[in-house]
Structure formats: structure tokens, C-alpha cells
Amino acid sequence: MDFAADIGILVFVFAALAVASSWLGAYARIVSFAPAVFFGIGGYAVAVSNLRGGSPWYGALGGGLAAVLLAAICGLLFLRGRGVTFTAVTLALGALAEPFAAAKAWLGPGDVFAFPHRIGFLNLQFAAKWPYLLLALCVFGVAQALTFGLRETRPGFYLHALRTNFGAAQDLGVEALPPRLLVLVVSAFVTSVTGSLFAEYALGVSPHALLALPLGADIALIGLIAGPRWPWGAAVAGAVYALLAHLLPLHPDGIAGAVVLGAEALAIVLIAVLRPDGLFTALPVRARRSPMESPA
Amino acid sequence: MIRALNVDKLRLDMGEYILSVQNLRARRVGRRLLDGVDLDVRRGSCTALIGPAGAGKSLVFACIVGAAKSESGRIRYFGYELRGRAQTRIARTGVIRTQPAGATFGDMTVLDSVLVGAFLRTSLPARARAKAREALALTGLSAAAQVRADALDALDRKRLDLACALATQPQLLLLDDPAAGLSGDERVALGGVVGALSDRGITLVVAARGLDACPIRPGEIVEIERGITAGSPRYATANL
């Protein structure tokens, strides 16, 4: 039973991460290697709360706001134009986050920081697995609802227009930065909250588990693979990834790990350049019918 | 935060003119393609900008809407200087351009494409939907609302371009070679739609290679040759 709950939690956590990543990669055509940074910010925010005896709920909220702040700064400074600079900056952030967290004593012990056991709802710790499963389902549900919301509101229409015909969209007064910035900060918040939940479920954090660059590359790749056409695509891709990651050593140590990471980076570049609509485009999906249009 | 320009609050110091382009100069890849273009457009009128291919008509439009930079000159819209403004900000003032290649968003439905334009004035989906439906009705595309834009024929794509532009509630519409690629009958049909826009009080400037390529009879004609406005504007007469 616990094994099934563990699998379910991982599936919903990575489905939520994949959905948040797809807003960037699939909808806004932003390649970001920073999802693990936002994931780690959420994890370390609840770690600091545990270290100081505070409630992890406040830690999760604070981590989310810190992620939003970081995303907004990066977006405002580097998200103009085609976003190549932004991608490079997120790559640097992703590479620096793990050694940074390992070196800073105020973030807890450098290797693994196991949280003190304080069972209780206010401490976001439960004796059973099912409350974590329920919370992971809630986070995923909110992320998926935001996907549907994004597709039916102005930012979603603008992002669709920009990726289909950039020049024509600008002729109609569509600005590129505001909708891209919006999805970036919302994605950062959801990713950070997911990181907080994951850290509490694991009852600890470590720089390698939460902030490693390969994790960021994994999440970015899942978001790109799904594409924007099928609204459930990212969730399915995230769930499949969670199962694979649980069963197989996707990122082995040493040379093999470096080869895997290199191949992954190559896949991200190839999909972003050659198949920006993702790999699910062969699926027989109907042209989207606007729910705002009532039948004649 | 970019605010929309409220043209009603602007001081109308240009008399009856909504747009005044003076001595516009612009370069592209090192070559001066515009070398003194003057263009005055009366409010509510339809002006034809006539010239051969390469004369600089599209570049004039691109400079007006902020899609291309100009070297010098003035572009005043309701007395408000447009030169140096961002393209999206200019669009919010009510100056909208359509391009010969079309503004269709291939994998969107017709309704969704028009909603992109309608969202310029409101973030509320219900209001945007109402404006989009209105634009579709005026351009004769209501029946094709759920058709994919890339499945439309040439005439309906032109109609869709006009519907997208109309949904932004423009004051000044710059139509760049709107009849390109259309047959004679299709040009007549498009002329009916363009005429309906003019009847709604939208000021039109139509760029075309000749008057026969202009889908609507203009009230005023400005000729452009090799980036220079040729002579004084002419007024259309009955035998045009």
C-alpha cells in the first residue's frame, strides 16, 4: 500500500512539475534550465522553516514568493527578444544552485538535512502516506486547472498567436513580454510549492536531490516533449517520467551520467528548434473549439 | 505599464487630418529606400497610396506602425508623434496594419484568430467574444467561425485579416496590398467588406500598385515612386 502511495505521490509531483514546465517550453517557447532551482527554493524554504521551528506552510508560501521574485527579475532582465540570453542565464543558475546550497550553512547541513519529526497538519508532516498523496493531487489539480485557464484567457491567446505568427501578432498589438513573464512567475510559484511538498514528503533536503542540473534538464525536457496541442500531454509525460525515474537509474554517476546529461541537452535543443510543437503532434487531436462559442 | 492612448483626450491640432507624415526618410540594409515621403490623411477618408513594386509603400506603413525604424521626418497621429514608439503601443492608439502575406494564425480557428485582435481592448473573454463575433459578422465570416484559419480560401483569408484588424477597434487602418493574389470577382467581394469598414467611419489608407488593385474607390490618391512622394495628392473623380 505504501509502495503504491509512494508511486502515486511521485507521479503527481512530477506531473505538476511537467505541467508548470510546459507553460514555458510548450506555450511560451521559453527554454529554461531553472525548474530545479525553483523546485529547490521551495524545498529549502521549508527546510529553513524546520531549522528555525516555524511552520512549513509559511515556508512554502515564502519559498513560492522568493521563486516568483527570482523569476520576475530574470524575466524582466533577460526575457526580451527571442529568449536566448534567458536560457543561458537559467543554465548558469541551474549549474550554480547545487554548490551554493551545499556551501551555505544557513540553509542547513551541506549534504543531507533531515527534518526533525513533528507530526501534525501545521507542520506539514503526516504519519501516513495518503495525506501527501492528497496534497500532491491537489497541487497537480491546480496546475492542470491553470493550464486550461491559460488556454482560454488573453495570455494563452497571445502566446498562441506569438508562436504561430509573431509579426502578425505584433501588428495586432500583442506584446511578447507580459504573457511570457506571467507564465514564468506562475510556473516558478507552482514549481516551488511542489518542491516544498516534496521536501516534506521526503522529510529532508539535499542539494543533489533538489537542485541538481540534471533534474532541471529533465523537467525542461518533459515540458518541451508534451507540446501545447494536447492539454493533458505534460501531465502524462510527467507521470511516465516519474515511473521511469523510480524504476531506472536515469542519471548514473560518473562518465555515464555526463553522457546522459549531454544527450538530454542535445534533445532539448533539437526539440526546441526542430519540433517546437512537441512530440505529441502525431496524435489525432481535434482543432480546439473555443468554449466561448455557443452553438448557432 | 503601457497605457492605451485615449485619442479623444488628445488635442486635435491637425485640423481635419488624422495622420500627417512629413519628409519621412528610412534605410534598409544600407540603402535609403524612403527619401522624403509626405502623406496627409483626412479623418474618415479612404486614401490610396499608389506605386510600383519596390516604391516603398510597405516600408511607409512599417514606419507608421513602428515595425521599422525611420531616420528622420515626422509621423503625427492626432498630433501625437508616433516615431520612436513601440509597435504594440502604436497599435493601442488605434493604428493597425494588415500585410499582403496575411495575419492568419494557421492552427487557430477563425474565431480564435479574431479574439487575438479583440483582446487588445479588453481582458474579459465575454466582451472579447462579443467584439469578435461583431467583426466576423461584418466581414461575412460568421459561418466559418470554427474553421481552421489555414483551411480558408484566399478571399476568406483576406476577410479574416480584416476581421482581426477590425476586432482591435481601429481608428486608422493601413491595408497593404489587400487584394494581392485575388481574382477580379474576389476583389469586388473584398471591396464590399472594405467599403463596410469605411462606412463605419474607420479611416483607411490602401497601398496598391495601381488603382485597379485597390479594392475600394479612394477619395484621395497619393503616388509614391522610389521612396519619394510624387507630386501633390490627387482627388478621385468619377471616371477613375
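Residues numbered from 1 in each chain as written. Chains lettered and ligands numbered in written order. Predicted model: local features only at pLDDT ≥ 70, side-chain atom pairs only at ≥ 80, totals over all residues. Heavy atoms only, no water.

Moving on to the overall build of chain A. Summing up its helical and strand segments, chain A has 12 helices and two strands in all. Taking 19 Å as the expected radius of gyration for a compact globule of 296 residues, we find that chain A reaches 19 Å, a close match to that expectation. Summarising its shape, the C-alpha atoms of chain A cover approximately 60 × 45 × 35 Å along the three principal directions. Burial status across chain A gives 53% buried among its 296 residues. Intrachain contacts of chain A at a sequence separation of at least 6 include 82% that bridge at least 24 residues. Roughly 12800 Å² of accessible area belongs to chain A as shown, and the carbon and sulfur atoms make up 74% of that amount. (Helix = DSSP H or I, 4+ residues; strand = E, 2+ residues; numbered from the N terminus. Rg over C-alpha atoms; globule rule 2.2 N^0.38 Å. Buried < 20%, exposed > 50% of the residue type's maximum accessible area, 1.4 Å probe, protein only. Contact = heavy atoms within 4.5 Å. Areas by Shrake-Rupley, 256 points an atom, 1.4 Å probe, with all protein chains shown as cover.)

Here the focus is the interface of chain A and chain B. Tallying the contact residues gives 25 residues for chain A and 34 residues for chain B. Summed over both sides, the interface of chain A with chain B buries roughly 2600 Å², with 57% coming from carbon and sulfur. The interface formed by chain A and chain B includes two salt bridges. For the pair chain A and chain B, the interface holds 10 residue pairs in polar contact (both at pLDDT 80 or more). Taken together, the elements giving at least two residues each to the side of chain A that touches chain B come down to helix 6 (154-164) and helix 7 (166-171) of chain A. (Buried area = accessible area lost by both parts, 1.4 Å probe. Salt bridge = Lys/Arg side-chain N within 4 Å of Asp/Glu carboxyl O. Polar contact = N/O pair within 3.5 Å; in protein donor to acceptor, adjacent residues only side chain to side chain.)

Residues and elements named next belong to chain A. The geometry of helix 3 (residues 56-78) relative to helix 8 (residues 177-202) is characterised by a closest axis approach of 8 Å and an angle of 150° between their N-to-C directions. Our classification of the angle between helix 3 and helix 8 gives roughly antiparallel. The element helix 3 and its partner helix 8 pack so that their crossing is right-handed. Here helix 3 contributes P56, A60, L61, G63, G64, L65, A67, V68, A71, A72, G75 and L76 to the contact with helix 8, which in turn contributes L177, L181, L184, V185, A188, F189, S192, V193, S196 and E200. A breakdown of the residues in the contact of helix 3 with helix 8 according to their chemical character gives 16 nonpolar, five polar and one charged. (Axes fitted to C-alpha atoms, helices over the stretch in contact; angles between N-to-C directions. Parallel < 35°, antiparallel > 145°, perpendicular 65-115°, else oblique. Left-handed = near helix turned anticlockwise from the far one by under 90°. Nonpolar A, V, L, I, M, F, W, Y, C, P; charged D, E, K, R; others polar.)

Bringing the confidence of the model for chain A into the picture now. Summary statistics for chain A give a mean pLDDT of 84 and a share of 92% for residues scoring 70 or more. Low confidence marks residues 289-296 of chain A, where pLDDT is under 50. Its contacts with residues over four positions away, or in another chain, come to 15 contacts. (pLDDT = per-residue confidence, 0-100.)

So, about the confidence of the model for chain B. Low pLDDT means the predicted coordinates in that region are not meant to be read closely. Residue and element names in this part refer to chain B. On average, residues of chain B score 84 in pLDDT, and 88% of them reach the 70 mark or higher. The least confident element of chain B, judged by mean pLDDT, is strand 10 (residues 228-235) at 63; the most confident is helix 3 (residues 110-118) at 94. Per the prediction output, this complex has pTM 0.84; the corresponding ipTM is 0.85.

We now examine the sheet that holds strand 2 (residues 31-42) of chain B. Residue and element names in this part refer to chain B. Pairing in this open sheet of four strands is antiparallel, and the strands run 2-1-4-5 from one edge to the other. Both outer strands of the open sheet, strand 2 and strand 5 (80-81), are each paired with one neighbouring strand and no more. In this structure, strand 4 (residues 72-77) lies alongside strand 5, joined through two bridges in antiparallel fashion. Pairing of R76 across the sheet is with E81, part of strand 5. (Pairing = 2+ DSSP bridges.)

Residues and elements named next belong to chain B. All told, the structure shown has 11 salt bridges over all chains when counted by the stated rule. A salt bridge links R42 to E220, with the nearest nitrogen and oxygen atoms 3.4 Å apart. Placement of R42 in strand 2 and of E220 in strand 9 (residues 220-225) is noted, with a sequence separation of 178 residues between them. Several salt bridges share partner residues, and in doing so they unite K131, E134 and R200 into one network.

Let us now look at helix 5 (residues 130-152) of chain A. In this model helix 5 of chain A runs 33 Å from its N-terminal to its C-terminal C-alpha over 23 residues, within 8% of the 33 Å that 1.5 Å per residue would give. For helix 5 of chain A, the set of buried residues is A:P131, A:Y132, A:A136, A:V139, A:F140, A:A143, A:Q144, A:T147, A:L150, A:R151 and A:E152. Structurally, helix 5 of chain A contributes buried residues whose contacts are with helix 1 (2-27), helix 6, helix 8 and helix 11 (233-247) of chain A together with helix 4 (125-139) of chain B. (Expected span 1.5 Å × (residues − 1).)

On to the side chain of A:E175, then. Mapping A:E175 onto the fold places it in the loop between helix 7 and helix 8. For A:E175, a relative accessible area of 18% puts it in the buried group. At 3.4 Å, the side chain of A:E175 and the side chain of B:R92 are in polar contact.

Once that is clear, we can look at the nonpolar core. Counting 70 residues, the largest nonpolar core has A:V13, A:F14, A:W23 and A:V205 as its most contacted members. Considering every element that reaches this core, the biggest residue donor is helix 1 of chain A, with 16 residues. Among residues more than four places away in sequence, those in contact with A:V205 are A:G43, A:Y44, A:A47, A:D111, A:V112, A:F113, A:F115, A:A199 and A:L210. Grouped together as the second largest cluster of nonpolar side chains are 56 residues, B:L111, B:A132, B:A149 and B:C164 included. (Core = buried A, V, L, I, M, F, W, Y, C linked by side-chain atoms within 4.5 Å.)

So, about a nonpolar patch on the surface. Residues and elements named next belong to chain A. Taken together, the side chains of F148, W232, V236, V240, L244, L247 and L248 make up a nonpolar region of the molecular surface, amounting to roughly 620 Å² of accessible area. Considering the arrangement of structural elements, one finds V240 in helix 11. The class for V240 is partly exposed, based on a relative accessible area of 41%. (Patch = residues over 30% accessible without salt bridge, like charges linked within 9 Å, V, L, I, M, F, W, Y side chains within 5 Å.)

Right, let's get into helix 3 of chain B. Counting buried positions along helix 3 of chain B yields nine of nine residues, so the element is predominantly enclosed. Its buried side turned inward, helix 3 of chain B meets helix 6 of chain A together with helix 4 and helix 5 (154-167) of chain B.

Right, let's get into the pairing of strand 1 (residues 17-28) of chain B. Residue and element names in this part refer to chain B. Pairing between strand 1 and strand 2: nine bridges, direction antiparallel. Opposite Y17, over in strand 2, you have R42 as the bridge partner. Counting the residues between successive antiparallel strands, the hairpin from strand 1 to strand 2 contains two residues, one of them, V29, with a positive phi of roughly 40°.

All right, on to unusual backbone geometry then. Even without being a glycine, A:R29 presents a positive backbone phi close to 55°. Looking at the element boundaries, A:R29 is found in the loop between helix 1 and helix 2 (35-52). With a phi angle near 55°, B:Q169 is a residue other than glycine that sits in the positive phi range. You can see B:Q169 is positioned in the loop between helix 5 and strand 7 (172-176).

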